[in-house]
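Working through the structure, step by step
Listed here are the chains, written in short residue letters.
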Amino acid sequence: MSTILITGATSGLGRYVAFELVRSGHLVLAHGRDPDRTRDLVEELRAEGAAEGFVADLASLTRVRELGARVAEAHPELGVLINNAGVGAGSPGSGREVSADGHELRLAVNYLAPVALTRALLPVLRANPPARVVNVGSLGQEPVDPDDPEFTRGYDGFPAYCRSKFALAAHTFALAGELADTGVAVNVLHPATFMDTTMVREGGVTPWTTVADGAPGVLALATEDRGTGHFYDGTRRARAHEETYDPKTRARLAQITEDLLTDGWGQRP
């Protein structure tokens, strides 16, 4: 059985997946933003199996890196990272929000945080092959504007969300290539469409599916050999936005990412 870190575990899909993994005998490291909710979740999980809690605000890159350092120190046996936490499109008509570092909030939490956390934990994951990184993405994808990656012009929450998920998919494929033959598989998936979550309801959308519908794809990528560098729609192999496969697009995104991650930090993470 594996030691598995899942971000955004206190509600929605993350919570459901955490319970499924604990019941299957895995040690679940449950991340949450709120200390009380995280503590309560861990108490519930421990009634079913083994779990520990980790608290961090993923809207702060400093907190993300600290989370990675804490997990790596406490659990050098970590074998799976599920980057599940995310920010949705927001309520209809809501304006542009920024993270603690001043980045557009959806890009920060849905993309920069998973990138930074994965980098922080890669040494541990590489030491425990076969290891896996599962990025929870979306079929909703829209290319990042290289001239305005922070979406300062003509902002809208839903396209901002789609841009962050495009970036996550493109990054997944690039990272999988970099980690080929290391024993670390990296995949991204669309779990299900408009699940019954706070994120979806906040966006004014009537849910189409349940978190139980979205869980099988995440669980399969976390616990089974499903290859690497792939996009899944649920449990089925699928295609992400075509531009995520373009080397030039990936190269531009990689440079943008480095610039954003080092802004205010002063060094590469």
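Reading the values: rules and limits
Residues numbered from 1 in each chain as written. Predicted model: local features only at pLDDT ≥ 70, side-chain atom pairs only at ≥ 80, totals over all residues. Heavy atoms only, no water. Core = buried A, V, L, I, M, F, W, Y, C linked by side-chain atoms within 4.5 Å. Buried < 20%, exposed > 50% of the residue type's maximum accessible area, 1.4 Å probe, protein only. Helix = DSSP H or I, 4+ residues; strand = E, 2+ residues; numbered from the N terminus. Contact = heavy atoms within 4.5 Å. Salt bridge = Lys/Arg side-chain N within 4 Å of Asp/Glu carboxyl O. Pairing = 2+ DSSP bridges. Right-handed = clockwise from strand over helix to strand, strands pointing away.

Things to note about the nonpolar core
- Judged by nonpolar contacts, the single largest core of 41 residues is most densely connected at L5, V71, L78, Y111, L121, L125 and V184.
- If you list the elements that add at least two residues to this core, you get β2 (27–32), α3 (61–74), α4 (105–126), β5 (131–136), α5 (157–178), β6 (184–190) and α8 (247–262).
- Ranked by residue count, the leading element in this core is α4, at 11 residues.
- Other than its neighbours up to four places away in sequence, Y111 contacts R106, S164, A167, L168, H171, L253 and T257.

A closer look at the pattern of salt bridges
- Tallying each qualifying case throughout the model produces 14 salt bridges.
- A salt bridge links R106 to E97, with the shortest nitrogen-to-oxygen separation between them at 3.1 Å.
- One salt bridge connects E224 with R226, and the closest N-O pair in it is separated by 3.0 Å.
- According to the relative accessible area criterion, E224 is partly exposed, its value standing at 37%.
- Each of E20, R23 and E48 takes part in salt bridges that share partners, so that together they form one network.

What about the pairing of β2?
- Counting buried positions along β2 yields six of six residues, so the element is predominantly enclosed.
- Here β2 shows a buried face lined by L27, L29 and H31 and a second buried face lined by V28, A30 and G32.
- Two elements, strand β1 (residues 3–6) and β2, share four bridges in a ladder whose sense is parallel. Bridging across to β2, I4 finds its partner in V28.
- Since β1 and β2 lie parallel, the crossover through helix α1 (residues 12–23) that links them has a hand, and here it is right-handed.

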